[in-house]
Amino acid sequence: MARGLADGVLHPRWMSEANRGFGSAALMNYPPLGGYLTGAVSLLTGDLVSAFLVILLVVTALSGVTFYICARSLAPPLGSALATALYLLAPYRSIDLHARFAFAEVLAFLWLPLIVKFLFDLQRRPRLRSWTGLVVAGTGLVVTHVLSALMVLVVVGPVVLWVVLRERRWSSIAGLLAAGLAIVALAAFYLLPLSVDRDLTYIEYLTDAWWGDWRTNFLLSEPSGPMAVDRPIQPLVEASFWYSLVLLVVSAGFAWRSGDRVIKGVVAAGAIAILLQLEVSALLWRLLPGMDLLQFPWRFQSLLALVSCLLVAGGAARMRWKTGFLVGIATAAAALFAVLLWRGIAYDVTASAVAEADIGGLVFKEHMPRGVEDWQRFEELPLAGAARVVTTSAASVEVGEWSSHRRRVGITAAQPAQVVLRTFYYPGWEATLDGVPVDLEVLPPLYTLGVKVPAGEHLLEVQFAPTPVRVLGSVVSVLAAGLLALANLRRQRRTA
């Protein structure tokens, strides 16, 4: 993303140096917001490591603000502040950051409290402002980490539906459907190409690989047979699970006394988040579409952390001062756990190490275009030192530009030749020869770009351009944003 933005590409979608320099469609599949933020900030800081640190610091602080705003729906300032400290120190957040560096999932902690906050507001008093907030927060989550959005739908969706049906708020059903459509429309610039082009890569590698099969990753279970794998992260996520479970049970015991229906809904969401991490939920994992892409059932700890900390806020609001020490103990325990975890698994990364890394040597099998033969052994193929451009007959080649989304090559050929570029084919690549559009050929066995060139001197330009479906997605997003802004503007004028 950083190099694409530096090259003047508004929406970078191609990783030019990945897969040993043949490129990767990973940016087509990954949600773009984290890449945009880090790429843009890196242009100011001068290196990616500093950019990551800045983004993580700012987003972590903002996630504390958004959680505090959400917690204030359940508790006074002191209880909300204590719960916010627990949310920031949640063990799973440390695991996500230091053990996995699941960057997008870490950023998702910013949006989760906002979604719950606006749902609280809508339960109490449906207003356009709250509907708009829900749509904006939902869209932010989708373009930050689409799998977290799926988890919210699975955990929070049934609770919201239960509340709506119990209270017979039929208009709210229409509102929720409209909000869902608005979120999809706002994120269409990412979701539409993702859904249309998804089968163009070996995306199933994410779920077929030995480490990514959800059936082997349930907590508190020991898989056996050919799918059994060594899972070094398992003790960490299980410790985090027990911590959040105890926190939820203790805080729910205090919060439940209020009889508040909102608290009961939060407890129900927590129960679902717990259930989906255990093997007893295997049937649900098989029945619900898209669950296999989550890979790790313990991902639901991001929502379990949110729910347990909200219950701390609800419980703290109803505690006597003598029992408030429980919150203090939980805060101290979370801080100690986070510090020990960080000390045990954090790793040092420097800007110089990143600059010296062999980025082109990274292989993303799940984002490799279909048609690449022997793709599972791609990293083993003898391709080291291969030229960026080769020809089938004697010709001189001069590479004038080889940027993230563009190649410009001067060719002088004594006879007709076929020019082969060290670039995988993917929809969007277009070519011109001396300014005139020409057809691209897709050449086996590596599914690379090829162009036939007549004898003489020529200038070949190849560019990764927007396809109709990508343009359509962008247009839908812009129109949806305009309609949403117009609806709120009209509402403000009526109120005035």
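Look up: the structure comes first, before these words.
Computed from a predicted structure; not experimentally measured. (Residues numbered from 1 in each chain as written. Predicted model: local features only at pLDDT ≥ 70, side-chain atom pairs only at ≥ 80, totals over all residues. Heavy atoms only, no water.)

Check the secondary structure of the chain and you find 21 helices and nine strands. Relative to a compact globule of 496 residues, whose C-alpha radius of gyration would be 23 Å, the chain shows 26 Å and is just as compact. If one aligns the C-alpha atoms of the chain with their principal axes, the spans along those axes are about 90 × 60 × 45 Å. Sorting the 496 residues of the chain into buried and exposed places 50% on the buried side. (Helix = DSSP H or I, 4+ residues; strand = E, 2+ residues; numbered from the N terminus. Rg over C-alpha atoms; globule rule 2.2 N^0.38 Å. Buried < 20%, exposed > 50% of the residue type's maximum accessible area, 1.4 Å probe, protein only.)

Moving on, we get to the sheet that holds strand β1 (residues 389-391). The four strands are arranged β1-β4-β8-β7 in an open sheet whose pairing can be described as antiparallel. Both outer strands of the open sheet, β1 and β7 (441-443), are each paired with one neighbouring strand and no more. Mean inter-strand twist for the sheet, computed between neighbouring axes without regard to direction, equals 35°. (Pairing = 2+ DSSP bridges. Axes fitted to C-alpha atoms, helices over the stretch in contact; angles between N-to-C directions.)

Below, the discussion takes up the pairing of strand β9 (residues 456-464). Note that strand β3 (residues 406-413) and β9 share eight bridges and pair antiparallel. Each residue of the ladder has a partner; that of Thr 412, found in β9, is Glu 457.

The next subject is the environment of Ala 269. On the secondary structure map, Ala 269 appears in helix α16 (residues 261-275). For the pair Ala 269 and Leu 304, spaced 35 residues apart in sequence, the C-alpha separation works out to 8.2 Å. Discounting chain neighbours no more than four positions away, the residues touching Ala 269 are Val 155, Val 159 and Val 307. (Contact = heavy atoms within 4.5 Å.)

For the bond from Pro 444 to Pro 445, the omega torsion is 0°, close enough to zero to count as cis. On the secondary structure map, Pro 445 appears in the loop between β7 and β8 (448-453). One non-glycine residue, Phe 101, lies in the positive phi region at around 45°. For Phe 101, the location among the structural elements is in the loop between α7 (91-99) and α8 (103-108). Of note in the backbone geometry, Tyr 447 takes a positive phi value of approximately 60° without being a glycine. Within the element layout of this structure, Tyr 447 appears in the loop between β7 and β8.

All right, on to the layout of surface pockets then. Estimates place the volume of the second largest pocket at around 420 Å³. What lines the second largest pocket is a set of 20 residues, among which Val 9, Leu 10, His 11, Arg 13 and Pro 466 lie closest to the centre. Tallying contributions element by element places helix α21 (residues 468-495) first for the lining of the second largest pocket, with five residues. Here the residues of the lining of the second largest pocket are counted per class, giving eight nonpolar, seven polar and five charged. (1 Å grid on protein atoms, 1.4 Å probe; cavity = no way out; pocket = protein on both sides within 12 Å on 5 of 7 lines; lining within 4 Å. Points joined across faces, edges and corners; volume = space filled by probe spheres on them. Nonpolar A, V, L, I, M, F, W, Y, C, P; charged D, E, K, R; others polar.)

With that out of the way, let us pick up the nonpolar core. Counting residues in hydrophobic clusters, the biggest one holds 93 residues, and the most contacted among them are Phe 300 and Leu 311. Broken down by element, this core gets its largest block of residues, eleven residues, from helix α11 (residues 146-166). Discounting residues that sit within four places of it in the chain, Phe 300 has contacts with Met 151, Val 154, Val 155, Ala 273, Leu 276, Gln 277, Trp 285, Met 291 and Leu 294. Listed in part, the 31 residues of the second largest apolar core include Met 28, Met 368, Leu 383 and Val 409. (Core = buried A, V, L, I, M, F, W, Y, C linked by side-chain atoms within 4.5 Å.)

Inspection of every chain in the model, using the stated rule, returns 21 aromatic pairs. Relative to Trp 429, the ring of Trp 14 has its centre 5.8 Å away and its plane inclined at 85°; by these criteria the two rings are edge-to-face. Of this pair, Trp 14 sits in the loop between α1 (2-6) and α2 (18-21) while Trp 429 sits in strand β5 (residues 429-433), and the two are 415 residues apart along the sequence. Accessibility classification places Trp 14 together with Trp 429 in one group, the buried group. Between Tyr 202 and Trp 375, the ring centres sit 4.0 Å apart and the planes meet at 10°, which makes this aromatic pair stacked. With Tyr 202 in the loop between α13 (188-197) and α14 (205-208) and Trp 375 in the loop between α20 (351-356) and β1, this pair connects stretches of sequence that are 173 residues apart. What makes Tyr 202 buried here is its relative accessible area of 10%. By way of ring pairs, the aromatic residues Trp 14, Tyr 426, Trp 429 and Phe 464 are connected into one cluster. Lying across the ring of Tyr 87, Arg 93 places its NZ or CZ 4.9 Å from the centre. (Phe/Tyr/Trp six-rings, centres within 6.5 Å; stacked < 30°, edge-to-face > 60°. Lys NZ or Arg CZ within 6 Å of the ring centre and 35° of its normal.)

Our next topic: the packing of helix α6 (residues 77-88) against helix α18 (residues 301-316). For the pair α6 and α18, the least separation of the axes is 8 Å and the interaxial angle reads 160°. Taken together, the axis directions place α6 and α18 in an arrangement best described as roughly antiparallel. By crossing handedness, the relation of α6 to α18 is classed as right-handed. On α18, the residues that touch Gly 79, Ala 83, Leu 86 and Tyr 87 of α6 are Ala 305, Leu 306, Cys 309, Val 312, Ala 313 and Ala 316. Its residues placed into classes, the contact of α6 with α18 shows nine nonpolar, one polar and no charged. (Parallel < 35°, antiparallel > 145°, perpendicular 65-115°, else oblique. Left-handed = near helix turned anticlockwise from the far one by under 90°.)

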